[in-house]
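# Tertiary structure, described
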Amino acid sequence: MRVRAQFMMVMALDKCIGCHTCSTTCKQAWTNRTGTDYVWFNNVETKPGIGYPKHYEDQNRWNGGWTLNRRGRLKLKSGGRIKKLMRIFANPDLPTIDDYYEPWSYDYASLTNAPKSDRAPVATAHSRLTGEEIDLQWGPNWEDDLGGAHERYLEDPNMRGLEEQITLDYENVFLMYLPRICEHCMNPSCVASCPSGAMYKREEDGIVLVDQNKCRGWRFCVSGCPYKKVYFNHVTSKAEKCTFCYARVEDGEPTVCSETCVGRIRYIGIVLYDLDAVTEVAATTDEQDLIEAHRDLFLDPHDPEVIAAAEVSSVPHDWIEAAGRSPVYALAKDLGVAFPLHPEYRTLPMVWYVPPLSPVVDAMSVGGYDAERPEDVFAAIEHMRIPVDYLANLLTAGDAKPVETALRRLTAMRAFKREEQLTGAGNESLAADVGLRPDQLEHLFRLLALAPYDERYVIPTSHREETGARQSEHCSIDFPGGPDLAATFGLEESNMVMPEADTSRDEDGRVRLNVREAPPR
Amino acid sequence: MNNVSMPDILLFLVLPYLAMATFVIGHIWRYRYDKFGWVSRSSEIYEKRWLELGAPLFHYGALMVIAGHMLGIIIPESFTEALGISEAQYTLVAQVGGVTGLVICLSGMVILLLRRVLNGRVKRATTRIDVAAMSMLWLMVILGTLTTVGYNVLGPGYNYRPSVAVWWRSIMLFQPDVSALNGVPEIYRIHITVAWLFLAMYPFTRFVHSWSAPATYLTRPYVVYRHREPSPPHTPGVGKRWRTIGRD
Ligand code: SF4
Ligand code: SF4
């Protein structure tokens, strides 16, 4: 047994308000550069929806992740090593920029330079790839809050088997937000797909990274990742991905997306696992058993035998101690309310989600139920297949049971605390009904509702005794006085600057801001 | 060295060694100072349909053509004769193989060139060094086509193995024998000269990705684990001037 520590994130979806703060702060920190203009290491999708890039969850089309061969062994869905090398000149599974969106900017100068006019001036959109004017048909968050759902609601792969029951009446439609980052998988198919061996998983903390000096731009990681969370920088011709903000995490600080999360939905901690068992777990025959097997892979950090084994595998002592306080271990294993996104891709993803109760509750009030009565909620969970089965397709390979259990636990926690508020004591049988102890319900409440900062983020610092130095090394390189990307990559300056706006002047020869004059009588 | 003209010495003795020196030193320099820029610079993300057609044609065709050149100039005529392969038989095989490779390679090149010119995104991402490299490649391949198809298949025919191949081996073995080229048709001479220039340019273009053919992928374990780097990797020459060479 080789014990390793790995960072993990859990997001409680009920609390996500879809504000995109995480996406914008991440973008400002990491991908506000030429070449990564279309890249969002963190993005927030409205579900149901086809996502970013379009239809990324449809692995029959993109061939990401792993599958089992006839002998029940793991193989990359896109094919073996020889097949890959034969196709190295053109990767058939690679998405193009149109599957994400064509990055654009506006010629803002035309607003300030416009001559006096009766009409409001317009800044037209220009592609950042060609410099030409484009007609916007798709962009980041195009589907936000179900925009365009009437056209694409059923194209969401998680709708499979539910088409019959779905109605698009305004009252019955449901939506939820799904923030996504790289999953820092335990069995990463991106790493396995990289022909150059430039991608790697760090032994100390499980963060998956791209070695920029070794990447040769073969692009197989991009197509190999079923979550499409490796991106191709089209200027440097190299792969880039979410780094789990390792420069921050090594110093004990949460990732930028977590730090700035308005809804406080994110939890970061470490789990201990047995490196030697990973492949076997990923090859679990029935995909619906994958979650249980994955949970079993997380070792109990309070078990003296595990602690001893971890010491032998030289996991630092403070890391073992941090694993014992890990909020993610509690949510995923102890309380059993969190699930990985699409476990059936077999990459053993390490960003898990607490399924949202809100779609069920919303639907209940439409049906005339009382969403405050636990019996009603339990009945609804059982009978309203739509949100539950949808969540199951998203989080548990279609198995509704674990999702139901989690939703019941969330309901029980609410009812328990409500009763406690009103009568001074919670109903302990509620806890027993959902298979938890009252103190576990209390813990769940503390984590989800109170969510104190240092209980949401239990991040041991890296052992390199030069703490702080990392952050200055790895900041974004677009800063005043930094390297000039245009010159570095030999692009014409005009590639990044929008075409000159019409600089026509006023009669008196001065350029005027567009202040409207009273029309001549 | 007596019956050799001065231009011949310049073009077939001085130029080859200069080109070889540039080729070797250029690669070492590029690897050392611009490892970050050592990439394929793929444009597949911009446009895929034509690339999926053109790129494999070009690459597989080019590999065939390179293999054909290697066989032709490395293996001495005496060796194939000793194996009982006559000059006529050899020429037939070489011409069939050569023309096949050429047709595949050229059709790929035509597709890729049209794509690069007609697709706004790909065109915009083309740098000056790309234009130079591609012009040189096109020139070299057209001249090669003229020698193989124009001169050999359709024209009078010429056996380059006792002359050009002998000279090439003499250059490689550092015992240059320029006189072996006496009487070689002009078209061959021009093709050879352009090829040396192409090689001299090679380390500074995107062609360097050819050396990174990832053969180790066949044997390494799927998932790569690494320790956290003890210190940031030291990259010499990160200044602007170093960085621009090889890309523009
Ligand atoms: S989610 Fe991250 S670690 Fe997992 S396969 Fe994709 S890029 Fe790799
Ligand atoms: S910042 Fe938090 S609440 Fe806002 S969208 Fe991101 S995950 Fe959701």
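Residues numbered from 1 in each chain as written. Chains lettered and ligands numbered in written order. Predicted model: local features only at pLDDT ≥ 70, side-chain atom pairs only at ≥ 80, totals over all residues. Heavy atoms only, no water.

This next bit is on the confidence of the model for chain A. All names here are of chain A. On average, chain A scores 87 in pLDDT, and the residues at 70 or more come to 87%. Below pLDDT 50 for its whole length, residues 466-482 participates in 28 contacts with residues either more than four positions away or in separate chains. Segment residues 510-521 is flagged for pLDDT under 50; beyond a separation of four residues in sequence, or across chains, it makes 20 contacts in the model. (pLDDT = per-residue confidence, 0-100. Contact = heavy atoms within 4.5 Å.)

Our focus in this paragraph is the side chain of serine 212 of chain B. Looking at the secondary structure, you find serine 212 of chain B in the loop between helix 8 (186-201) and strand 1 (225-226). A polar contact is formed between the side chain of serine 212 of chain B and the side chain of arginine 216 of chain A, at a distance of 3.2 Å. Not counting chain neighbours up to four residues away, the residues in contact with serine 212 of chain B comprise Arg216 and Trp218 of chain A together with Trp38 of chain B. (Helix = DSSP H or I, 4+ residues; strand = E, 2+ residues; numbered from the N terminus. Polar contact = N/O pair within 3.5 Å; in protein donor to acceptor, adjacent residues only side chain to side chain.)

Time to look at the confidence of the model for chain B. All names here are of chain B. When the pLDDT values of chain B are averaged, the result is 89; 91% of them are 70 or greater. Per-element confidence in chain B ranges from a low mean pLDDT of 52 for helix 9 (residues 240-244) to a high of 96 for helix 8. Across the predicted assembly, pTM comes out at 0.87 and ipTM at 0.87.

What follows is about the nonpolar core. When a protein is soluble and globular, its nonpolar side chains tend to lie buried together. Residues and elements named next belong to chain A. In terms of nonpolar packing, the biggest core is built from 169 residues, with Tyr38 and Leu331 touching the most fellow members. Ranked by residue count, the leading element in this core is helix 19 (residues 400-423), at nine residues. Each residue touching leucine 331, except ones within four places of it in the same chain, is listed here: Val10, Tyr267, Gly336, Val337, Ala338, Leu444, Leu447 and Leu448. (Core = buried A, V, L, I, M, F, W, Y, C linked by side-chain atoms within 4.5 Å. Buried < 20%, exposed > 50% of the residue type's maximum accessible area, 1.4 Å probe, protein only.)

What follows concerns the pattern of salt bridges. Evaluated as defined, the whole model comprises 31 salt bridges over all chains. Here glutamate 45 of chain A makes a salt bridge to arginine 180 of chain A, at a shortest N to O gap of 2.8 Å. Placement of the pair is glutamate 45 of chain A in strand 2 (residues 43-47) and arginine 180 of chain A in strand 7 (residues 176-180), with a sequence separation of 135 residues. You'll find glutamate 45 of chain A and arginine 180 of chain A in the same group, each marked buried. The closest approach of N and O atoms between aspartate 130 of chain B and arginine 206 of chain B, which form a salt bridge, is 3.0 Å. Note that aspartate 130 of chain B is positioned in helix 6 (residues 128-153) and arginine 206 of chain B in the loop between helix 8 and strand 1, a separation of 76 residues in sequence. On the basis of relative accessible area, aspartate 130 of chain B is assigned to the buried category, the value being 3%. With relative accessibility at 18%, the residue arginine 206 of chain B sits in the buried group. Among the ionic contacts, a cluster of salt bridges with common partners joins Lys47, Glu57 and Asp156 of chain A. (Salt bridge = Lys/Arg side-chain N within 4 Å of Asp/Glu carboxyl O.)

This brings us to the site of ligand 2. Close to ligand 2 lie 14 residues; Cys16, Cys19, His20, Cys22 and Cys261 of chain A are nearest. For the shell around ligand 2, the per-class residue count stands at nine nonpolar, four polar and one charged. (Near = heavy atom within 4 Å. Nonpolar A, V, L, I, M, F, W, Y, C, P; charged D, E, K, R; others polar.)

If you trace the three strands from one edge of the open sheet to the other, you get 9(A)-8(A)-1(B), paired in mixed fashion. A single partner strand is all that each edge strand has here, and the edge strands are strand 9 (208-210) of chain A together with strand 1 of chain B. Two strands pair when backbone bridges link them, and strand 8 (residues 199-202) of chain A and strand 9 of chain A are joined in this way by three bridges, in the antiparallel orientation. Bridge assignment links tyrosine 200 of chain A to a residue of strand 9 of chain A, and that residue is leucine 209 of chain A. (Pairing = 2+ DSSP bridges.)

Our focus in this paragraph is the site of ligand 1. Contacts to ligand 1 come from Cys182, Glu183, His184, Cys185, Pro188, Ser189, Cys190, Val208, Cys225, Tyr227, Val230 and Lys241 of chain A. Per-class residue counts for the shell around ligand 1 are eight nonpolar, two polar and two charged.

The next point concerns the pairing of strand 11 (residues 238-241) of chain A. Across a regular strand the side chains alternate sides, sitting on one face of the sheet and then on the other. Residues and elements named next belong to chain A. Neither face of strand 11 is open: one carries Lys238 and Glu240, the other Ala239 and Lys241, and all of them are buried. Judged from the four bridges that link them, strand 10 (residues 230-233) and strand 11 form a sheet pairing that is antiparallel. Directly across from valine 230, in strand 11, lies its bridge partner lysine 241. Linking strand 10 back to strand 11 in an antiparallel pair, the connection comprises four residues, with serine 237 at a positive phi of about 65 degrees.

At the interface, 50 residues of chain B touch 73 residues of chain A. Across the chain B-chain A interface, the total number found is four salt bridges. For arginine 219 of chain A, the salt bridge goes to glutamate 44 of chain B, with nearest N and O atoms at 2.8 Å. Scanning the region where chain B abuts chain A turns up 31 residue pairs in polar contact (both at pLDDT 80 or more). Elements with a contribution of two residues or more to the side of chain B that touches chain A: helix 2 (49-74), helix 5 (120-124), strand 1 and helix 9 of chain B. Element by element, the count of residues in the side of chain B that touches chain A is highest for helix 2 of chain B, at seven residues. Within the side of chain B that touches chain A, the residues separate by chemical class into 22 nonpolar, 12 polar and 16 charged. Relative to strand 1 of chain B, strand 8 of chain A runs parallel, the two sharing two bridges. Across the sheet, arginine 202 of chain A pairs through a bridge with arginine 226 of chain B, a residue of strand 1 of chain B.

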